[in-house]
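Observations on the model geometry
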Amino acid sequence: MTTNATPAGKTTPAEAPKPSPATSEDLLLEVTDLKKHFPVTQGIVYQRKVGAVRAVDGITFSLRRGETLGVVGESGCGKSTMGRVVSRLLDPTSGTIRFDGRDITKLSQRAMRPLRKDIQMIFQDPFSSLNPRKNVGAIVSAPLHLQDIATEHGTKRRVQELLELVGLSPEHYNRYPHEFSGGQRQRIGIARALASRPKLIVADEPVSALDVSIQAQVINLLEDVQAELGLTYIFIAHDLSVVRHISDRVAVMYLGRIVEVADQVRLYEQPMHPYTHALLSAVPVPDPVKEGKRERILLYGDVPSPLNPPSGCRFHTRCWKAKEMCKTVEPPLLTIQPGHQVACHFPEERTLI
Amino acid sequence: MTVPLEATASDETADPEAIYQGVGAVEGRTPWQIAWLRLRRDKVAIGGGGVILLLVLFALLAPVLTRLEGYGPYVFHQNLIDPTFQTPLGGFGGVSSKHWFGVEPGTGRDMFARIAYGAQVSLLIAVGATAVSVFLGATLGTIAAYVGGFADTLVSRTMDVILAFPYLLFALALVAVAPDFNRKLLLILIIAGISWPYIGRIIRGQALSLREREFVEAARSMGAGSWYIMFREILPNLVAPILVYSTLIIPTNILTETALSFLGVGVQPPTSSWGEMMSEAASGYFQIDPAYMIFPGGAIFITVLAFNLFGDGLQDALDPRSSRR
């Protein structure tokens, strides 16, 4: 399921990037023009709204069943906020989210509750995402209790099956989080996310807090359970190589917007957006000869404030190709090649890795 | 705050490698077991805890103990009182093998029995008031922190107002005004009413930091409601500060009850309480019969000290970051 999604996008040019009505059956998630603005207020008694942090500012993407969408970008580009809005932990400011054929944008937190078993999250910090006062059994079985999910052989048996699935011993049932290492804790978090048999898992930097050898284990585990249970992932990370390994498609975000989406092979081998070029040129290549010859693109300055994003193309303040037009006209996310969308006035193909 | 990392590192039975390879059934330790191990090493705290246990036993067994001695708390012994000075006959307040703590001046009632029954009253009021104030403080503090907004403003400002009151005057006025349905219950409610903001503030502060932790978000993403998150996810993490502040509030409440009884609005005669005895002694007897003040005063001193030492030790044991071992 995961493997044929990638070549399908690349080899059959006939397939439209925007889903035709026939394929919309396969779409698990459709996000249209999603925005999340955090109000900035001033004043003590009367809180006057003086501005808004445009953390997510109009993003559109869709996700097929069984697919993994990697989301990359600098710190503060809104990727984590996007994950939390999609899973409705935060309320969107505008836009629509269709999950499994149903519009969940406007559902209240209460109405959302039964749906939460289908959308689960894996969190970044395994030391903070597990309640230190609960044992593993209570943590992993919480979704079962909260969603009233009946289990065939009892909750304990199900939890122990889940622990085995993520590579922990069933004997760990009565242990507390402090007795585990970071990688093991992340496995507990994954077991918890899997407990309610979700359809979509939003993984928010699930391996960023782990050291490299453990990262590989956890990523392989995520791939294994995806193959086994037919899961769909939104995989948020800032590590490009990790995203390349696990994703079918990759979206690059900059300052609250998606600047480029393509399937994994295309994005890494023929990136079109200058920001993607810059990101990829920063990835070290484990070959000193190649590394020495490689072209480095250095970006100057910081990411502009999402309080007051630049006009036109948001990247123009740091882009070496920026022309007058970039300052005034915002580039739409256009399909350049089937399955490859870029938001740039002057896209060009470039090989960087 | 509740992840005892150092404790894990020194935990020789839970070798991380052994867990990783899933070797055998390695016994794990709950956070409570670790706290108990740390507490057990603290001799002073264990001493304080032992004294507390003895005091509770002393209060509970008051009827048995007084029968053992042979005199009830309300029986007058005029024959043991010097008719001129109204002081007990014999040295040190009339201490003898029959009356272990001597007798009360004026009436000749047995002091041991009165101290024992007074312990019941003092501990009941102090523990009862603590229970009510901890319940109020923990519930309202958690709600204020988690719900935020108007609820937070309401609870926080209420706490500020109560803390700004001169509590003793306030309590005096309240006891005087309130209908006298059950003096002990009234005292419990009034003492709780003035002491809950102390614990409420601490709980609110802790809950504010806990609600930003990812496990709260994780609970929401699993479909948990606000009540579940507040009382099943956040509050269990606050049991440690709640326990510590309870043991530290109990002695304060004993002193408050003593102060109120001393000022004449505590339990009513003939019921005895330590504060009431102190008050009687202070009304002039203590110059000619110091033992009358020393026994209840000593009881209060020992109780308050024991609770404070135990509370301090508990705090160190439950907080893995504390330097004192």
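The shown structure was predicted, so the numbers you read here are calculated from the model rather than taken from an experiment.

Moving on, we get to the overall build of chain A. The secondary structure content of chain A amounts to 12 helices and 12 strands. Here the C-alpha atoms of chain A give a radius of gyration of 21 Å, agreeing with the 20 Å that 2.2 N^0.38 yields for 353 residues. Taken along the three principal axes of its C-alpha coordinates, chain A extends 65 × 60 × 45 Å. Long-range pairs, those at least 24 residues apart, make up 66% of the contacts in chain A between residues at least 6 apart in sequence.

Our focus in this paragraph is the overall build of chain B. What chain B contains, in helices and strands, is 14 helices and 0 strands. Per-residue burial over chain B gives 45% buried out of 325 residues.

Turning next to the confidence of the model for chain A. Averaged over all residues, the pLDDT of chain A equals 85, while 92% of them reach at least 70. When the criterion is pLDDT under 50, residues 1-22 of chain A qualifies, and its contacts beyond four places in sequence or with other chains add up to 32 contacts.

Here we take up the domain arrangement of chain B. Taken domain by domain, chain B consists of domain 1 (5-30) and domain 2 (44-318). Here domain 1 of chain B and domain 2 of chain B have C-alpha centroids that lie 41 Å from each other.

So, about the pairing of strand E10 (residues 257-263) of chain A. Residue and element names in this part refer to chain A. With 7 of its 7 residues buried, E10 lies for the most part within the structure. Where strand E9 (residues 249-254) lies against E10, 6 bridges are found, and the strand directions are antiparallel. Across the sheet, Ala-251 pairs through a bridge with Val-261, a residue of E10. If you look at the hairpin formed by E9 and E10, you'll find 2 residues sitting between the two strands, and Leu-255 has a positive phi there, around 50°. Pairing of E10 with strand E12 (residues 340-342) involves 3 bridges; the strand directions are antiparallel. Pairing of Ala-262 across the sheet is with His-340, part of E12.

Another aspect to go through is the sheet that holds strand E5 (residues 102-103) of chain A. Residues and elements named next belong to chain A. Spatial strand order, E2-E1-E4-E5: 4 strands in an open sheet with antiparallel pairing. Two strands close off the open sheet at either side, each with one partner strand: strand E2 (48-64) and E5. Relative to E2, strand E1 (residues 27-42) runs antiparallel, the two sharing 13 bridges. Bridge pairing in E2 places His-37 opposite Arg-54. Across the face of the sheet, helix H2 (residues 79-86) comes into contact with E1, E2 and strand E4 (94-99) while running at roughly 75° to E2.

All right, on to the interface of chain A and chain B then. At the junction of the two partners, chain A supplies 29 residues and chain B supplies 27 residues. At the level of elements, strand E6 (119-122) and helix H4 (136-146) of chain A are the ones that each hand at least two residues to the side of chain A that touches chain B. Ranked by the residues each element gives to the side of chain A that touches chain B, the list is headed by H4(A), at 3 residues. Of the residues in the side of chain A that touches chain B, the class split is 11 nonpolar, 10 polar and 8 charged.

Quick look at the nonpolar core now. With 168 residues, the main nonpolar core has A:Ile234, A:Phe235 and A:Val252 as its most contacted residues. It is helix H6 (residues 111-147) of chain B that contributes the most residues to this core, 19 residues altogether. Excluding residues within four positions of it along the chain, A:Ile234 makes contact with A:Leu63, A:Leu69, A:Val71, A:Gly83, A:Val86, A:Val202 and A:Ala203.

Before going further, it helps to examine helix H7 (residues 212-229) of chain A. Residues and elements named next belong to chain A. For H7, with 18 residues, the first-to-last C-alpha span of 26 Å sits near the 26 Å given by 1.5 Å per residue. Those residues of H7 not exposed but buried are Gln-215, Val-218, Ile-219, Leu-222 and Val-225. Buried residues of H7, viewed axially, fall in a sector of 130°; they line one side. Away from its buried face, by an angle of more than 90 degrees, H7 presents the exposed residues Ser-213 and Glu-228. On its buried side, H7 packs onto helix H5 (155-165), helix H6 (182-195), strand E7 (200-204) and helix H8 (240-246). Gly-230 sits one or two residues past H7 and shows a positive phi near 65°.

Residue and element names in this part refer to chain A. Taken in spatial order, the 8 strands make up an open sheet running E6-E7-E8-E3-E9-E10-E12-E11, and their pairing is mixed. Sheet topology places E6 and strand E11 (334-337) at the edges, where each strand pairs with a single neighbour. For this sheet, the mean angle separating the axes of adjacent strands, direction not counted, is 25°. Sheet topology places E11 next to E12; 3 bridges connect them, and they run antiparallel. Bridging from a neighbouring strand, Gln-337 pairs with His-340 of E12.

This paragraph deals with H2(A). Residues and elements named next belong to chain A. Of all 8 residues in H2, 8 are buried, a share of seventy percent or more. Along H2, the residues classified as buried are Lys-79, Ser-80, Thr-81, Met-82, Gly-83, Arg-84, Val-85 and Val-86. Phi turns positive one or two residues past the end of H2, at Arg-88, with a value near 60°.

Another aspect to go through is unusual backbone geometry. All names here are of chain A. Phi at Asp-33 takes a positive value of approximately 50°, unusual for a residue other than glycine. Mapped onto the fold, Asp-33 is located in strand E1. The class for Asp-33 is exposed, based on 12 C-beta atoms found within 10 Å. One non-glycine residue, Arg-197, lies in positive phi territory at about 50°. For Arg-197, the position within the fold is in the loop between H6 and E7.

All right, on to the packing of helix H3 (residues 31-40) of chain B against helix H14 (residues 291-318) of chain B then. The description of two helices packed together rests on the angle between their axes and the distance between the axes. Residue and element names in this part refer to chain B. Where H3 contacts H14, the two axes come as close as 8 Å, and the packing angle between them is 130°. In terms of orientation, H3 lies oblique with respect to H14. Two packed elements cross with a definite hand, and for H3 against H14 that hand is right-handed. Residues Ala-35, Arg-38 and Leu-39 of H3 lie in contact with H14, whose contacting residues are Gly-313, Leu-314, Ala-317 and Leu-318.

What counts, and where the lines are drawn
- Residues numbered from 1 in each chain as written.
- Chains lettered and ligands numbered in written order.
- Predicted model: local features only at pLDDT ≥ 70, side-chain atom pairs only at ≥ 80, totals over all residues.
- Helix = DSSP H or I, 4+ residues; strand = E, 2+ residues; numbered from the N terminus.
- Rg over C-alpha atoms; globule rule 2.2 N^0.38 Å.
- Contact = placed C-beta atoms within 7 Å.
- Buried ≥ 20, exposed ≤ 12 C-beta atoms within 10 Å, placed from the backbone.
- pLDDT = per-residue confidence, 0-100.
- Domains from an automatic or database assignment.
- Pairing = 2+ DSSP bridges.
- Axes fitted to C-alpha atoms, helices over the stretch in contact; angles between N-to-C directions.
- Nonpolar A, V, L, I, M, F, W, Y, C, P; charged D, E, K, R; others polar.
- Core = buried A, V, L, I, M, F, W, Y, C linked by C-beta atoms within 7 Å.
- Expected span 1.5 Å × (residues − 1).
- Arc of directions from axis to C-beta.
- Parallel < 35°, antiparallel > 145°, perpendicular 65-115°, else oblique.
- Left-handed = near helix turned anticlockwise from the far one by under 90°.

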